[in-house]
Amino acid sequence: MDWVETLLRKSCEKTLTKGEVLHSLFHMIEVNENTLNQIQSDKRDFGPELEELRQTEIKDIDFHIRYYRGLVNFINGISDTKKSE
């Protein structure tokens, strides 16, 4: 997660705050959860080809939600006073 460390270093340089990064991640989680809920609640019959695509999209969005949550946990585990060398 080198890019996270770079992002946090920029945060220490006042480019982004930890809160701003977390806010952005929470927003992405919310957007993806809303999209996932819309896709899952749509009960129309799209046929086998489109159903396969729909299931792939559900898996992709679920992966992104888990990824963003993992980043939130990682960033929350880093002290606000930690500076990258």
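See the structure shown above.
Residues numbered from 1 in each chain as written. Predicted model: local features only at pLDDT ≥ 70, side-chain atom pairs only at ≥ 80, totals over all residues. Heavy atoms only, no water.

The next point concerns the nonpolar core. The biggest cluster of nonpolar side chains holds eleven residues, and these are Val4, Leu8, Val21, Leu22, Leu25, Ile29, Tyr68, Leu71, Val72, Ile75 and Ile78. Among the secondary structure elements, those contributing two or more residues to this core are helix H1 (2-12), helix H2 (18-41) and helix H3 (47-76). Beyond its immediate chain neighbours, meaning those up to four positions away, Val72 contacts Leu22, Leu25, Phe26 and Ile29. (Core = buried A, V, L, I, M, F, W, Y, C linked by side-chain atoms within 4.5 Å. Buried < 20%, exposed > 50% of the residue type's maximum accessible area, 1.4 Å probe, protein only. Helix = DSSP H or I, 4+ residues; strand = E, 2+ residues; numbered from the N terminus. Contact = heavy atoms within 4.5 Å.)

It is worth spelling out the side chain of Lys18 at this point. The residue Lys18 is located in helix H2 in this model. Its relative accessible area of 17% is what places Lys18 among the buried residues. At 3.2 Å, the side chain of Lys18 forms a polar contact with the backbone oxygen of Ile75. (Polar contact = N/O pair within 3.5 Å; in protein donor to acceptor, adjacent residues only side chain to side chain.)

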